[in-house]
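Observations on the three-dimensional arrangement
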Amino acid sequence: MQSNPNVPPAMQLLPLLIVIVLLAIRLIRPQRISVTRMWITPIVLCFLTAWVIYANETINPAPPLEIALGLIVGALAGTPFGILRGIHTDVRPTDRPGVMYLGSSWITIVIFAAAFGLRYVIRLLMPQHGSLTGTIGDGLLAFAIAFIITSYYVIFRKYEAESASRR
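Cut-offs and rules
- Residues numbered from 1 in each chain as written.
- Predicted model: local features only at pLDDT ≥ 70, side-chain atom pairs only at ≥ 80, totals over all residues.
- Heavy atoms only, no water.
- Pairing = 2+ DSSP bridges.
- Helix = DSSP H or I, 4+ residues; strand = E, 2+ residues; numbered from the N terminus.
- Axes fitted to C-alpha atoms, helices over the stretch in contact; angles between N-to-C directions.
- Contact = heavy atoms within 4.5 Å.
- Core = buried A, V, L, I, M, F, W, Y, C linked by side-chain atoms within 4.5 Å.
- Buried < 20%, exposed > 50% of the residue type's maximum accessible area, 1.4 Å probe, protein only.

Thoughts on the sheet that holds strand 1 (residues 31–34)
- Spatially, the three strands line up as an open sheet ordered 1-3-2, and their pairing is antiparallel. Either end of the sheet is taken by a strand with one partner, and the two such strands are strand 1 and strand 2 (91–93). Each neighbouring strand pair of the sheet contributes to a mean axis angle of 35 degrees, computed without reference to strand direction.
- Here three bridges tie strand 2 to strand 3 (residues 99–102), and the two strands are oriented antiparallel to one another. From the neighbouring strand, Pro93 faces strand 3, where its bridge partner is Met100.
- Each of strand 1 and strand 3 touches helix 3 (residues 35–59); the most contacted strand, strand 1, lies at about 85 degrees to it.

This is the structure in structure tokens:
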């Protein structure tokens, strides 16, 4: 998306910083989460990503093949990091069925901050490269989404294994 020249660059980062602070507060603490609620986050993020890609296409059109390639590369790069996060996250079932105790995960904040921050920096450094800038940004968003989805899948499998061993 195009930046408003009347708004200082630091103020353009303010919404991103607010989101990061809110996510940090939420993800730094261990929490109880239901299996259903766990899957709502990736679904909402996928819709948000689709909307951002669509909005980017109206401003800086790119060939569909270029967008698809950026999304595929980003998703393939994010998957192993998601698996690692899922493996290293503490997961325990609670006394209520379908609810788990999920350990804190500061790495999730780092990944999202890096993905959105890099996207901002790329747009700042390469404004004249229109479609390439958008494609790289879309790939970074796909990286973050793949990271979340694969980590939640691994976490869900760990939860199922722990629940089965308690029966």
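Let us keep going from here.
Quick notes on the nonpolar core
- If you look at the biggest cluster of nonpolar residues, it comprises 16 residues, and the most contacted ones within it are Met38, Val91, Met100 and Ile155.
- Elements represented by at least two residues in this core include exactly helix 3, strand 3 and helix 6 (130–166).
- Per-element accounting of this core gives the leading share, eight residues, to helix 6.
- If near-sequence neighbours (up to four positions away) are discounted, Val91 is found in contact with Met100, Tyr101, Leu102, Ile155, Lys158, Tyr159 and Glu162.

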